[in-house]
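Listed here are the chains, written in short residue letters.
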Amino acid sequence: MKTKRKASIRSIVVFMCFALVAISSPVYAAGLLTPKDSGLPVLDIKDHNVKVVIEDGYAITTVDQSFFNPHGKDLEAVYSFPVPDKAAVSEFTMWIDGKPINGEVLEKKKAREVYEDQKSKNKNTGITEKNEYKTFEISVYPVKVGQETKIRLSYIQPAQVDTSVGRYVYQLEEGGVDEEALAFWTTNEKVTGTFSFDLVVRSGYPVASIRLPNHPSAEIIQQGDKWLVHLDNTLNSVQSNKDQDAALTINNQQDLDAAVQPVAQIDTAFRLNTDIVVYYKHAENLPGSVGLVAYKEEAGKRGTFMMTVTPGMDLQPLAGGRDWVFILDISGSMQGKYATLAEGVSRALNQLNPNDRFRIVLFNSRESELTNGFVNATPANIDQYVKAVTAVQPNESTNLYAGLQLGLKRLDSDRTSSLILVTDGVANVGETQQRKFIELLKQYDVRLFTFIMGNSANEPLLTALTRVSNGFAINVSNSDDIIGKILLAQSKVNFQALHGAKVQISGIKTVDINPKDIGSVYRGQQLIVFGHYFGSGRANITLSGKIAGQEKAYTTEFDFPDVALENPEIERLWAYATIETLMQDMEDFGEDPDMKNSITDLGVEYGLVTDYTSMVVVEDDVFQELGIDRRNMTRIKKEYAAREVRAVSTPRSTRVDSASPMFNNNRPTFAGGAGALDPMSVLIFSPLLWGLKPRSKKSNKRVA
Amino acid sequence: MLLKNNKLVEKSSHGTLKVPWLTLCLAVMFICIYALGENIFNLLVFDRAAIANGDFWRFFTGHMVHYNFDHLLWDLIAFVILGSVIELNHPQQLMLSLLISSIGVSFWLYYFEPIILTYCGLSGALNGLLVIASMMLWNKTESCIYLFVMLSTIGKICYEFTTNQTVFVSMSAHPMPSSHLVGFISGLICFFLLRKKVNMIE
């Protein structure tokens, strides 16, 4: 069976992605929350307009929306949406009497007290809070009878580029992992007025193409160095499921025609229950590089930097048979998805290398193993276990620890073993402390690859586990391109990686570096390092680690600027990265009052919504009355001014190692190469047709 | 009729028609491979990881598969021209030229283009066939037109390197000028290796 000679890892990834496909149509969504059985009327989301700008290595998302109260009494709006990946919520603005009021960040409990106090006094107020890793919740009061209340939320994220493909996700699907919340709330995700999504990519590196896998009808325009993406529901009917995405754009003439027909009394509301995923693919053959974005107000002051290392390392393919342990979440949240999962397992196992072996571990409230130890990937074994997997009925809660513990048993120290964990949920039964998970994994020399399915999963825990085992975690949305995810995972597990990676900066004083522990850098992965620096001038940078057991070091040198004013958002990104590190430490080693205070202080100073801080809006005079410093408002003004300057300037490259390249190789890409000819080539070749004419004596002369 | 219009037949010295059967058979085979779809594509494409796991045939077969119809079409037209020239002049050299050019390109990709995970398409090897066909005809006729063809091809490869794209082709996969250059060089090496034998045959 020659087909079975394909890399076994590929088959595993295929299975993972099948699992992703298996996620059923989303039931939960971003939207307005109303307590079940409360008798409270439901407010409308009137407008929901999203603007995204991706430039200089980070994305700024601004969401303007308005709530409308069609009922007979003033009401409170509670809007919930999934926590976007590494998103620092930096602005919450509420329009009071037509005037925008920026929110300020306070310690979480105090912010809630302020909000409740203002609400009890029937004064305008709003609050944005973070519900752990699951959701952000915005509460606004009052939404007056027959009136609209407008709010704006803005968050900043490092732009993720993997294997030369950037990925931006506007997360809307609720992961459905918080059982208590689901039992308590009903969600209204309908936008009754306008919905629009506009994204701009201003990249210093050339962008070759943009793709929205789940929104193929999106309008995509290239304007010089800029790429624009537009979606809206202004004129047509939009259902948010995948079959009807074609209706999302006003360019779709058929939908336009349908929309203007008076008989078409259909639900024109856009539903906030489908993630919008945007891929932007960089041009091929770009070199491995180092980028630097800094912010430093004055020469004598401390500066903040974001250094993005896009490696171009020589990573060779891996060969040989391996052991694979599939650890599959079969808890209740997987119901409705399992039949397709089983089909995915079938296809994956059928592609295993005959030299490979596999085990299949299942977990819900309890753990169990389908296989009795490792079994060879023979056709008979595969057939047997495919049937066994198919027969499983998912139910109960999620005892992730028990599943992992069982998966780690009976590993063969003579063979390379890897664990594939597929879960869409959280650890809610049995051992749930992150520290215990890490202690467990540290006992084994094994790599854990995690596929985090859907939004609101316990990403801090799952990424911590992969970090400690030098594996990687891949987030997957229902709107992702499954083939793309297969290629992404395949290009990582099939190749060598840089393990024990370290970044050293010398020649200039740097402090507060994040991340402290980099771990492994897999093929295509970018490394983003935040920190503070003092002074300016030439710095030497070294990225070191081991590839296939051999020490490797990549070095470069470049200047840190004396003054840099274009990207004030870098300060917030640094603060958020530091907060994430502190949160990881607390998860690893338990809650610590000092760390908690540090997070609170950082949140307040840099205007960030965290697990311990919230952003509150009150009327202008109340800020003064309560002695709340308007530092976030000042910061927002500074950021808006910088954005206006950037908006009218040409996108610049952030590359700083051009004079002394850190890498000799190009950065990896997804696309395969192709030998392609064109009509011009054929035209050039065509004179050779002359050589087909019958030989003349003259033509034979020379040979003779 | 089509063959006649395209001068892909040749009268022998005895007045009988010569048809480049091998070229046409290979062209039909490439079409069939394309028509058989994704599974065959996946089995034959140059795939770095699969080669590392022992699928060495992909060094050669990767050049027989194509991403889409346009990709196939232009490669196929060029192959029929070049293959016919070589076959009708030195029938026994066609497969050897194709093999050496293909493997030369694959060797380069595998060892010197580590970022390329997969590769497909005949054009790299076709640049090798072009060199062989042109040199054969130039050797035979001393007509400058064949040198002009080679120089034009070098110019085109330079253009591709400069702009990092082919002139008219648009497809999702990344056109690789380096494969054209390596194919061209492979063709030169192949020609000089075979030259002695060619002269003997002549």
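Within each chain, residues carry numbers counting from 1 in the order of the written sequence. The lettering of chains begins at A and the numbering of ligands begins at 1, in the order of writing. Two thresholds apply to this predicted model, a pLDDT of at least 70 for residue-level local features and 80 or more for giving and counting side-chain atom pairs, whereas whole-chain, interface and lining totals are computed over all residues.

**Some remarks on the overall build of chain A**
Part 1 of the reasoning: Under the DSSP-based scheme used, a helix requires at least four consecutive residues in state H or I and a strand at least two consecutive residues in state E, with every element numbered from the N terminus. Along its length, chain A carries 16 helices and 37 strands.
Part 2 of the reasoning: For the purpose of contact definition, each residue receives a C-beta atom placed from its backbone, and two residues are in contact when these atoms lie within 7 Å. Nonlocal contacts in chain A, meaning residues at least 24 apart in sequence, comprise 79% of its contacts between residues at least 6 apart.

**Comments concerning the overall build of chain B**
Part 1 of the reasoning: The secondary structure content of chain B amounts to 10 helices and 5 strands.
Part 2 of the reasoning: Residue pairs at least 24 apart in sequence account for 73% of intrachain contacts in chain B once pairs closer than 6 positions are excluded.

**Let's talk about the nonpolar core**
Part 1 of the reasoning: Working definition: the nonpolar core is a set of buried Ala, Val, Leu, Ile, Met, Phe, Trp, Tyr and Cys residues, joined through C-beta atoms within 7 Å. Around each residue's C-beta, the other C-beta atoms within 10 Å are counted; 20 or more make the residue buried, 12 or fewer make it exposed, and counts in between make it partly exposed. All C-beta atoms are placed from the backbone. Counting residues in hydrophobic clusters, the biggest one holds 155 residues, and the most contacted among them are V89, I327, L573 and L608 of chain A.
Part 2 of the reasoning: The leading source of residues in this core is helix α11 (residues 569-589) of chain A, at 8 residues.
Part 3 of the reasoning: M64, I81, L94 and M136 of chain B belong to the second largest nonpolar core, which has 48 residues in total.

**Structural notes on the confidence of the model for chain A**
Residues and elements named next belong to chain A.
Part 1 of the reasoning: Averaged over all residues, the pLDDT of chain A equals 81, while 79% of them reach at least 70.
Part 2 of the reasoning: Here pLDDT means the predictor's own confidence in every residue, given as a number from 0 to 100. Here residues 1-27 scores under 50 on pLDDT; set against residues more than four positions off or in separate chains, the count is 86 contacts.
Part 3 of the reasoning: Low confidence marks residues 696-704, where pLDDT is under 50. Its contacts with residues over four positions away, or in another chain, come to 7 contacts.

**Quick look at the sheet that holds strand β33 (residues 527-534) of chain A**
Residue and element names in this part refer to chain A.
Part 1 of the reasoning: Strands sit in the order β21-β22-β33-β31 across an open sheet of 4 strands; the sheet is antiparallel. Looking at which strands have only one partner, the edges of the open sheet turn out to be β21 (289-295) and β31 (509-514). For this sheet, the mean angle separating the axes of adjacent strands, direction not counted, is 30°.
Part 2 of the reasoning: A pair of strands is treated as paired once DSSP finds two or more bridges between them. In this sheet, β33 lies alongside strand β22 (residues 303-310) in antiparallel orientation, the contact comprising 7 bridges. Bridge pairing in β33 places G303 opposite Y533. Only the contacting stretch of a helix is used when fitting its axis, a line to C-alpha atoms as for every element, and angles between N-to-C directions run 0 to 180 degrees.

**Observations concerning α11 of chain A**
Residues and elements named next belong to chain A.
Part 1 of the reasoning: Here α11 spans 30 Å end to end across 21 residues, near enough to the 30 Å set by a 1.5 Å rise per residue.
Part 2 of the reasoning: Those residues of α11 that fall on the buried side of the exposure criterion are E569, I570, E571, R572, L573, W574, A575, Y576, A577, T578, I579 and L582.
Part 3 of the reasoning: G590 occupies a position one or two residues after α11 and carries a positive phi of about 95°. Given a helix with a known number of residues, its expected span is that number minus one, times 1.5 Å.

**Considerations on the pairing of strand β2 (residues 44-55) of chain A**
All names here are of chain A.
Part 1 of the reasoning: As defined by bridge partners, β2 adjoins strand β3 (residues 58-68) across 11 bridges and the pair is classed as antiparallel. When the bridges of β3 are listed, D47 appears paired with S66.
Part 2 of the reasoning: Linking β2 back to β3 in an antiparallel pair, the connection comprises 2 residues, with D56 at a positive phi of about 55°.
Part 3 of the reasoning: Bridge count for β2 against strand β15 (residues 195-202) is 8 bridges, and the pairing is parallel. Bridge assignment links I54 to a residue of β15, and that residue is V201.

**Some thoughts on helix α7 (residues 94-112) of chain B**
Part 1 of the reasoning: An ideal rise of 1.5 Å per residue puts 27 Å on 19 residues; α7 of chain B measures up with 27 Å between its terminal C-alpha atoms.
Part 2 of the reasoning: Among all positions of α7 of chain B, only L94, S97, L98, I100, S101, S102, G104, V105, S106, W108 and L109 of chain B are buried.

**What about unusual backbone geometry?**
All names here are of chain A.
Part 1 of the reasoning: The residue after Y141, namely P142, is reached through a cis peptide bond having omega -10°.
Part 2 of the reasoning: Locating P142 in the fold gives a position in strand β9 (residues 135-143).
Part 3 of the reasoning: You will see that T163, though not glycine, has its phi angle at about 55°, which is positive.
Part 4 of the reasoning: Relative to the helices and strands, T163 resides in the loop between β11 (160-162) and β12 (165-170).
Part 5 of the reasoning: What makes T163 buried here is the crowd of 23 C-beta atoms within 10 Å.
Part 6 of the reasoning: Phi at D512 takes a positive value of approximately 55°, unusual for a residue other than glycine.
Part 7 of the reasoning: Structurally, the position occupied by D512 is in strand β31.

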